[in-house]
Amino acid sequence: CVLLLFVSLAGCGLVHGLALHAPQLTLRRHRTDCRMKLSDDGVLGVGVIGAGRIGLVHLEALSSCEIAKAVIISNPTVSKAEAAALKYKLEHFTRDFNEVIHHPDVEAVWICSPSQFHAEQIKACAAAGKHIFCEKPIATDLKETVEAINACNKAGVKLMTALQRRFDPNFQ
């Protein structure tokens, strides 16, 4: 069957839509409220995995956002993470994506790593109770995609995939 799943993060400006042929996908009714703890100043702490081109695009966007702030970035080539941290004034950088996921000031993780790592990183974020924004695709095959989505459902965390034109009025 074709399933269409919309997960809304009301008040956060994030909407996720997924359509796929997957009878094994666990569907359940999702709350539409956005229960983000936010820091004392009302700003969402974001960790970024991946300091390649798209990771830097997201850091640039986050740097001008009043309600979210990047606090840590990871990249296997740690010099890239360090350069990004210096450019965007992040206090922390690392080689290990798990340090991003488990950083105490991070409530949401932006996954900007190569596609073959997305499912593993999504499941790790879900297990840690972190909300997730992931560049497409969620995974490189259907089985991993379903597993990643189910992990988020089970953990009660929000998952959004990137779609460049999602909020562009010309494409709505």
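Residues numbered from 1 in each chain as written. Predicted model: local features only at pLDDT ≥ 70, side-chain atom pairs only at ≥ 80, totals over all residues. Heavy atoms only, no water.

Draft legend 1. Region of the structure containing the sheet that holds strand β6 (residues 108-111). With respect to topology, six strands assemble into an open sheet ordered β5-β4-β3-β6-β7-β8, the strand pairing being parallel. Each edge of the open sheet is held by one strand with a lone partner, namely β5 (92-94) and β8 (159-161). Ignoring strand direction, the axes of neighbouring strands in this sheet form an average angle of 25°. Pairing analysis gives six bridges linking strand β3 (residues 44-49) to strand β4 (residues 68-74), with the strands arranged parallel. Bridging from a neighbouring strand, V46 pairs with A70 of β4. (Pairing = 2+ DSSP bridges. Helix = DSSP H or I, 4+ residues; strand = E, 2+ residues; numbered from the N terminus. Axes fitted to C-alpha atoms, helices over the stretch in contact; angles between N-to-C directions.)

Draft legend 2. The pairing of strand β7 (residues 131-134), seen in detail. Of the two faces of β7, the one carrying H131 and F133 and the one carrying I132 and C134 are both buried. In terms of strand pairing, β6 meets β7 through four bridges, oriented parallel. Bridge assignment links W110 to a residue of β7, and that residue is F133. Handedness of the crossover joining β6 and β7 through helix α4 (residues 118-127): right-handed. Pairing of β7 with β8, which is carried by three bridges, proceeds in the parallel orientation. Residue pairing for β8: I132 is matched across the bridge by L159. Handedness of the crossover joining β7 and β8 through helix α5 (residues 142-155) is recorded here as right-handed. (Buried < 20%, exposed > 50% of the residue type's maximum accessible area, 1.4 Å probe, protein only. Right-handed = clockwise from strand over helix to strand, strands pointing away.)

Draft legend 3. Examining the state of the cysteines more closely. One pass over the full model with this rule turns up zero disulfides. With no disulfide partner, C112 has as its closest neighbouring cysteine sulfur the one in C134, 8.1 Å distant. C112 gets classed as buried once you look at its relative accessible area, which sits at 6%. Look at C134 and you get buried, because its relative accessible area is 0%. (Disulfide = S-S within 2.5 Å.)

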